[in-house]
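Here is what each chain is made of, one letter per residue.
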Amino acid sequence: MRLILMGPPGAGKGTQARFVAEHFGIPAISTGDIFRANVSQGTPLGVEAKRFMDAGEYVPDEVTNLMVRNRIDEADASPGFLLDGYPRTLAQVTELDGMIGFTGHQLDAVVVLTVDPEELVQRLLQRAQTDGRADDTEDVIRRRQEVYAEQTEPLIGVYRERGILVEVDGMGEVDEVTTRIFDALDVVPQS
């Protein structure tokens, strides 16, 4: 199963990605986790990524594309994968199409979690307090929502046109959302 999990910042993608990946026996590949690991380790990629992350902006496509290509080429991703946080731009959609097409496969589904915008802000402010995330100030959170609306929401239409978009209500308890995702994906054929 080759999946993308989309939704605005704070929609619960990271939480749901773990459950969905475990369910299908595939790795959950989170660009955010990879970026944060590189930042904490002080790698050249991390130093470059941190400048953009601190401002609530997306890390440039060239850096992100290379990182994702390297990760999906690893052996554990051969039977499939779940991408969380990628693609975020139309250019990245084209890049990902090439990466997957090269392997002779295709995307099976794109799951979009829908959540009320003000609920997202509250979730992220709460996460900032509990996880100690200095980058999650209210101004940065709102800027990240604007960037998502400008750059990533257009991808929903692309995947809807391809007939692989699955919209799931991301409001409610974690297990309720997980059940909705599984119910929606149970009818998706795997490539």
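Residues numbered from 1 in each chain as written. Predicted model: local features only at pLDDT ≥ 70, side-chain atom pairs only at ≥ 80, totals over all residues. Heavy atoms only, no water.

Caption draft 1: View of the packing of helix 4 (residues 61–72) against helix 5 (residues 90–102). In the contact formed by helix 4 and helix 5, the axes pass within 11 Å of each other and the chain directions differ by 25 degrees. The orientation of helix 4 with respect to helix 5, classified from their angle, is roughly parallel. Seen from above, helix 4 lies across helix 5 with right-handed handedness. On the side of helix 4, the interface is formed by Asp61, Thr64, Asn65, Val68, Arg69 and Ile72, while helix 5 contributes Ala91, Gln92, Glu95 and Met99. (Axes fitted to C-alpha atoms, helices over the stretch in contact; angles between N-to-C directions. Helix = DSSP H or I, 4+ residues; strand = E, 2+ residues; numbered from the N terminus. Parallel < 35°, antiparallel > 145°, perpendicular 65-115°, else oblique. Left-handed = near helix turned anticlockwise from the far one by under 90°. Contact = heavy atoms within 4.5 Å.)

Caption draft 2: Quick peek at the environment of Leu165. With respect to the helices and strands, Leu165 occurs in strand 5 (residues 165–169). You can call Leu165 buried: its relative accessible area is 18%. Note: C-alpha distance between Leu165 and Val112 (53 residues apart in sequence) is 7.3 Å. Leave out the neighbours within four places in its chain, and Leu165 touches Val110, Val112, Ile156, Tyr159 and Arg160. (Buried < 20%, exposed > 50% of the residue type's maximum accessible area, 1.4 Å probe, protein only.)

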